[in-house]
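Commentary on secondary and tertiary structure
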Amino acid sequence: MSHRVIAIAGKGGVGKTSISAILAGELVKQGRCKALIVDADPSGGLGMALGLSVRRSINQLRVDTIQEIKKKTIDDRDLSKQLDFILMDALNEKANLAFIAVGRPEEVGCYCSVNNLLREAIETLSIKFDVTVIDAEAGVEQINRKVVGSVDHLFLVADSSVKAITVAESIDTVFSRINRSGRTDLILNRIESPEQADAIATRTHLNVLGWIPEDSTIRKYDLEERSFFDLPACPAANAVIAIVEKTGILTGIGLQAGPMTANDT
Ligand SMILES: Nc1ncnc2c1ncn2[C@@H]1O[C@H](COP(=O)(O)OP(=O)(O)O)[C@@H](O)[C@H]1O
Ligand SMILES: [Mg+2]
């Protein structure tokens, strides 16, 4: 099995967390590969959508580590090993899935060595999994700062608004500048008809991998704070599964060769 890192990005409110949660649910249901699920949005909605608690966020871990260095309870020389260990301990595991949240950044000065080691520790951690799914924060900043160094596949999510498509396109521009080997696809969400999806597809240069319908079950699960692990088959979930099946993510196989288009299922 090859290891793959997938990031789900786009404007706020377009459905990144819902799609990540549906994908996580399907990864557990199929149980065919080991997945690391990262909630990289500081507002932290993915844990809630999955009903998984955050044991210790990566930013909390960073703050604690810096305090320990100051108190000299951690030796600088052991830092890298310690971070690997602490990071493993911070994972919330469910079946074949492990969950971790980035949390809110706190101002604790520039401890670049800790930040760099932590980034390395996350990369080392993600290599232990067949697939890593990152629910990114809204906008372009996180992609710009390369929060996770090597994203193989960027899923940009947009609803039917012009603003959402514009944000997706600008994230793609930044991503393709800093990551030349990664692949980008657009997923349209909350779509009302195939005609609407086709009309949007003609207005963007991004490859539309598929579209997800507006679905009251998604809204309901969100409103009632129910875990997406219990989400029944519904039009939106079926669409997400059909889209990700084209990419081989669920089985942990490598990227398919050739173009993946919206209407080939
Ligand atoms: N396909 C859909 N049908 C109906 N409601 C949706 C759909 N996708 C997302 N939503 C709703 O839109 C809102 C924002 O979704 P969310 O996944 O939190 O977006 P993001 O993570 O991009 O900010 C939530 O209330 C969610 O229930
Ligand atoms: Mg979100």
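As shown above, the structure is provided for reference.
Parameters and conventions
Residues numbered from 1 in each chain as written. Chains lettered and ligands numbered in written order. Predicted model: local features only at pLDDT ≥ 70, side-chain atom pairs only at ≥ 80, totals over all residues. Heavy atoms only, no water. Pairing = 2+ DSSP bridges. Helix = DSSP H or I, 4+ residues; strand = E, 2+ residues; numbered from the N terminus. Axes fitted to C-alpha atoms, helices over the stretch in contact; angles between N-to-C directions. Contact = heavy atoms within 4.5 Å. Left-handed = near helix turned anticlockwise from the far one by under 90°. Nonpolar A, V, L, I, M, F, W, Y, C, P; charged D, E, K, R; others polar. Near = heavy atom within 4 Å. Polar contact = N/O pair within 3.5 Å; in protein donor to acceptor, adjacent residues only side chain to side chain. Areas by Shrake-Rupley, 256 points an atom, 1.4 Å probe, with all protein chains shown as cover. Core = buried A, V, L, I, M, F, W, Y, C linked by side-chain atoms within 4.5 Å. Buried < 20%, exposed > 50% of the residue type's maximum accessible area, 1.4 Å probe, protein only. Salt bridge = Lys/Arg side-chain N within 4 Å of Asp/Glu carboxyl O.

1. Notes on the sheet that holds strand E2 (residues 35–39)
Taken in spatial order, the eight strands line up as E3-E4-E2-E5-E1-E6-E7-E8 in an open sheet, and their pairing is mixed. Each edge of the open sheet carries a strand with a single partner, namely strand E3 (92–94) and strand E8 (208–213). Taking each pair of neighbouring strands and ignoring which way they run, the sheet shows an average axis angle of 20 degrees. Summarising the sheet, E3 and strand E4 (residues 97–101) pair through three bridges and their orientation is antiparallel. Considered in E4, the bridge of Lys 94 is made with Leu 97. Sitting on the sheet, helix H10 (residues 235–245) touches strand E6 (153–158), strand E7 (183–191) and E8, and the angle it makes with E8 is about 165 degrees.

2. Quick word on the packing of helix H3 (residues 58–70) against helix H4 (residues 79–90)
Packing of H3 against H4 brings their axes to within 11 Å, and their N-to-C directions diverge by 140 degrees. The two elements H3 and H4 cross, and the hand of that crossing is right-handed. Each of Ile 58, Leu 61, Thr 65 and Ile 69 in H3 lies in contact with H4, whose residues at this interface are Leu 79, Leu 83, Ile 86, Leu 87 and Ala 90. Looking at the contact of H3 with H4 residue by residue, the class counts come to eight nonpolar, one polar and no charged.

3. Some thoughts on the site of ligand 1
The local shell around ligand 1 holds 17 residues, among which Gly 13, Lys 16, Ser 18, Arg 190 and Asp 222 are the closest. Gly 15 has a polar backbone atom sitting 3.0 Å from an oxygen atom of ligand 1. At a separation of 2.6 Å, an oxygen atom of ligand 1 approaches a polar side-chain atom of Ser 18. Notes on ligand 1: free accessible area 560 Å², of which the protein chains cover 84%.

4. Details of the nonpolar core
In a soluble, globular protein the nonpolar side chains are often hidden away together inside. Ranked by size, the top nonpolar core spans 85 residues in total, and within it Leu 27, Ile 37, Leu 50, Leu 186, Leu 188 and Phe 228 carry the most contacts. Looking at which element gives the most residues to this core, the answer is H10, with seven residues. Discounting chain neighbours no more than four positions away, the residues touching Ile 37 are Ala 24, Leu 27, Leu 46, Leu 50, Leu 97, Ala 98, Phe 99, Ile 100 and Val 133.

5. A look at the pairing of E6
Most of E6 is tucked away, with six of its six residues classed as buried. The alternating pattern of E6 places His 153, Phe 155 and Val 157 and Leu 154, Leu 156 and Ala 158 on opposite faces, both of which are buried. With five bridges joining them, strand E1 (residues 4–10) and E6 adopt parallel strand pairing. Paired with Ala 9 across the strands is Leu 156, a residue of E6.

6. A look at the pattern of salt bridges
Applying the stated criterion to the full structure yields seven salt bridges. A salt bridge links Lys 29 to Glu 26, with the nearest nitrogen and oxygen atoms 4.0 Å apart. With Lys 29 and Glu 26 both in helix H1 (residues 16–30) and three residues apart, the pair spans about one turn of that helix. Judged by relative accessible area, Lys 29 falls into the exposed class, the value being 60%. Of the charged contacts in the structure, one is a salt bridge between Arg 55 and Asp 89, with a shortest N-O distance of 3.9 Å. Of this pair, Arg 55 sits in the loop between helix H2 (45–50) and H3 while Asp 89 sits in helix H4, and the two are 34 residues apart along the sequence. A relative accessible area of 51% places Arg 55 in the exposed class. Overall, the relative accessible area of 47% leaves Asp 89 in the partly exposed class. Within this structure, Arg 190, Glu 214 and Arg 219 form a network of salt bridges that share partners.

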